Amino acid sequence: MGLMTGKRGIVFGVANEMSIAWGIAQQLREQGATLAFTYLNEALEKRVRPLAESLDAELILPCNVGDDGEIETVFKTVEEQWGQIDFVVHAVAFADREDLKRPFSQTSRAGFALAMDISAYSLVAVTRCAVPLMKDGGSIITLTYLGSQRAVPNYNVMGVAKAALESSVRYLAAELGEKGIRVNAISAGPIRTLAASGIANFRAKIKLMDDYAPLRRTVTQTEVGNSAVYLLSDLGSGVTGEVHLVDAGFNVVVSA
Ligand code: NAD
Ligand code: 0WE
C-alpha cells in the first residue's frame, strides 16, 4: 500500500522530463496514485503524452489555463471518467520573457495582467472547478518561489504574481477547509527547467545556493515531489494555507 493508493488527481504543468510537475507526478505514482495530465498545446503534447503513458495515466488532456472553457472541459471529462478526484497539482507560471529582463517599473499593464492571469488567477479557476469533484475532501498544491517575498533581481512581475498566488492559497484554504479541502504551496529553490532556461544569470542563482544555502546545493524535482506526496496524502491532513519551503534552507540565511 502506497501513501497515495486509491487517490486520483490531475497534474497541470508537465512540459518535459525536467518539469517540477514531472518530478511530483513520478513520486505520486510511486506511492500508488492514479493520474490525469494536462498539456498546454499540441507542441507539448508530443513530449507529455509518452511521459504520462509511462506512469499509466488514465487521461491526457489539453488545457490552456488562460481559458476558463478549457479548464471546464478538463474537469467535465474527468467527472465523466472518474466521478470524483482527490488532488490537484498546479505547476504553471508564465510572464512575458522581456518582463524578466527589463527594469520592473517598465512592466506594461498587459504584461502585469498576463503574469497574474496565468500564474495566479489560474489557481483560483482550477480550484473552483475541482471543488465539486472533491466529494470526499481533497488536497490542492501549487508551486511558488522566494521572489514573492523578496525582491529577487529580474524575477520582477513574476514575484508580484507569486505573492498573489500565495495569498490566494490562504483565501482558498480559509474558504474550503469546511469541505475538507486543503490548499497549500511549495516554495521551491531554483531548479534548471524549461521555465528557468534563458533566464539571465540563472547560473548565478544556482551558485548562490551552492555557496550559501545551508545544504550547500540546489534541490531536486524529486525532493519537491516528496513534499508534494506529504501535502497531497493523508500525512498532510492537518496542514492547509501553508507555504512549505523546499529550498535547501536558503530562506534562513543572509548572503551577498
Ligand atoms: P516548466 O516550464 O517545466 O513548467 C511550467 C509549465 O507551465 C509548463 O508545463 C508550461 O507548459 C505551463 N504553462 C505555461 N503557460 C501555460 C498556460 N497558459 N496554460 C497551461 N500551462 C501553461 O518549469 P517549472 O520550473 O517546472 O515550473 C513549474 C512551476 O514551478 C511554476 O509555477 C514555477 O513558477 C514554479 N517554480 C519553479 C522554480 C524553478 O526554479 N524552476 C522554482 C520555484 C517555483
Ligand atoms: O517561476 C519561475 C519561472 C517562471 C517563468 C519563466 C519564464 C521563462 C520563459 C515565467 N515566465 C517565463 N516566460 C518565458 O518566456 N522560476 C521560479 C524560475 C526562475 O525564473 C527567474 C528566476 C528563477 C528562480 C527569473 C529571474 C530570476 C530568478
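This is a predicted model, so every value here is computed, not measured.

Draft legend 1. The arrangement of the overall build of the protein in detail. If you tally the helices and strands in the protein, you get seven helices and seven strands. Taken from N to C terminus, the helices and strands of the protein fall in the order β-α-β-α-β-α-β-α-β-α-β-α-α-β. For 256 residues, the compact-globule estimate of 2.2 N^0.38 gives 18 Å, and the C-alpha radius of gyration of the protein, at 17 Å, lies within 12% of that figure. Based on the C-alpha atoms only, the size of the protein along its principal axes is roughly 50 × 40 × 40 Å. Here the protein, with 256 residues, has 52% of them falling under the buried criterion. Intrachain contacts of the protein at a sequence separation of at least 6 include 75% that bridge at least 24 residues. In the structure as shown, the protein presents an accessible area of about 12000 Å², 52% of it carried by carbon and sulfur atoms.

Draft legend 2. Layout of the environment of Asp-117. In this fold, Asp-117 is placed in helix H4 (residues 109-130). What Asp-117 contacts, discounting residues up to four positions off in sequence, is Gly-66 and Ser-122.

Draft legend 3. Region of the structure containing the packing of aromatic side chains. Applying the stated criterion to the full structure yields three aromatic pairs. Ring centres of Trp-22 and Phe-37 lie 6.4 Å apart, and the angle between their planes is 45°; on these two criteria the pair is classed as tilted. On the criterion of sequence distance, the pair formed by Trp-22 in helix H1 (residues 20-30) and Phe-37 in strand E2 (residues 34-39) is long-range, its members being 15 residues apart. Classification of Phe-37 as buried rests on a relative accessible area of 1%. Measuring from ring centre to ring centre gives 4.8 Å for Tyr-145 and Tyr-155, while their planes differ by 70°; the resulting arrangement is edge-to-face. You can see Tyr-145 sitting in the loop between strand E5 (138-144) and helix H5 (156-176) and its partner Tyr-155 sitting in the loop between E5 and H5, a full ten residues away along the chain. We note that Tyr-145, like Tyr-155, is buried.

Draft legend 4. Region of interest: the packing of H1 against helix H7 (residues 221-232). Interhelical geometry of H1 versus H7 gives an angle of 55° and a closest axis separation of 7 Å. Between H1 and H7, the angle is such that the two are oblique. In this structure, H1 crosses over H7, and the sense of that crossing is right-handed. Residue-level inspection shows Ile-20, Gly-23, Ile-24, Gln-27 and Leu-28 of H1 in contact with H7, the latter providing Gln-221, Thr-222, Val-224, Gly-225, Asn-226, Ala-228, Val-229 and Leu-232. Taken together, the residues of the contact of H1 with H7 sort by class into seven nonpolar, six polar and no charged.

Draft legend 5. Quick look at the sheet that holds E2. The strand order across the open sheet formed by seven strands is E3-E2-E1-E4-E5-E6-E7, and the pairing between neighbours is parallel. In this open sheet, the two strands that pair with only one neighbour each are strand E3 (59-62) and strand E7 (243-246). Taken over all neighbouring pairs, the strand axes of this sheet differ in orientation by 20° on average, direction set aside. Across four bridges, strand E4 (residues 87-90) lies against E5 in parallel orientation. Note on E5: the bridge partner recorded for Phe-87 is Ser-139. Contacts from H1 reach strand E1 (8-12), E2, E4 and E5 within the one sheet, and its direction differs from that of E2 by about 165°.

Draft legend 6. A look at the site of ligand 1. Looking at ligand 1, there are 27 residues lining it, with Gly-13, Ser-19, Lys-162, Ile-191 and Thr-193 nearest. At 3.3 Å from an oxygen atom of ligand 1 is found a main-chain nitrogen or oxygen belonging to Ala-15. When ligand 1 is considered free in solution it has 810 Å² of accessible area, and contact with the protein chains removes 91% of it. Split into classes, the residues belonging to the shell around ligand 1 amount to 20 nonpolar, six polar and one charged.

Draft legend 7. Structural context of the site of ligand 2. Close to ligand 2 lie 13 residues, the nearest being Ala-95, Pro-153, Tyr-155, Ala-195 and Ile-199. In this structure, a nitrogen atom belonging to ligand 2 sits 2.7 Å away from a main-chain N or O atom of Ala-95. Tyr-155 places a side-chain nitrogen or oxygen 2.7 Å from an oxygen atom of ligand 2. Grouping the constituent residues of the shell around ligand 2 by class yields ten nonpolar, one polar and two charged.

Thresholds applied
- Residues numbered from 1 in each chain as written.
- Chains lettered and ligands numbered in written order.
- Predicted model: local features only at pLDDT ≥ 70, side-chain atom pairs only at ≥ 80, totals over all residues.
- Heavy atoms only, no water.
- Helix = DSSP H or I, 4+ residues; strand = E, 2+ residues; numbered from the N terminus.
- Rg over C-alpha atoms; globule rule 2.2 N^0.38 Å.
- Buried < 20%, exposed > 50% of the residue type's maximum accessible area, 1.4 Å probe, protein only.
- Contact = heavy atoms within 4.5 Å.
- Areas by Shrake-Rupley, 256 points an atom, 1.4 Å probe, with all protein chains shown as cover.
- Phe/Tyr/Trp six-rings, centres within 6.5 Å; stacked < 30°, edge-to-face > 60°.
- Axes fitted to C-alpha atoms, helices over the stretch in contact; angles between N-to-C directions.
- Parallel < 35°, antiparallel > 145°, perpendicular 65-115°, else oblique.
- Left-handed = near helix turned anticlockwise from the far one by under 90°.
- Nonpolar A, V, L, I, M, F, W, Y, C, P; charged D, E, K, R; others polar.
- Pairing = 2+ DSSP bridges.
- Near = heavy atom within 4 Å.
- Polar contact = N/O pair within 3.5 Å; in protein donor to acceptor, adjacent residues only side chain to side chain.

Scope: geometric values only; no functional claims are made or implied.
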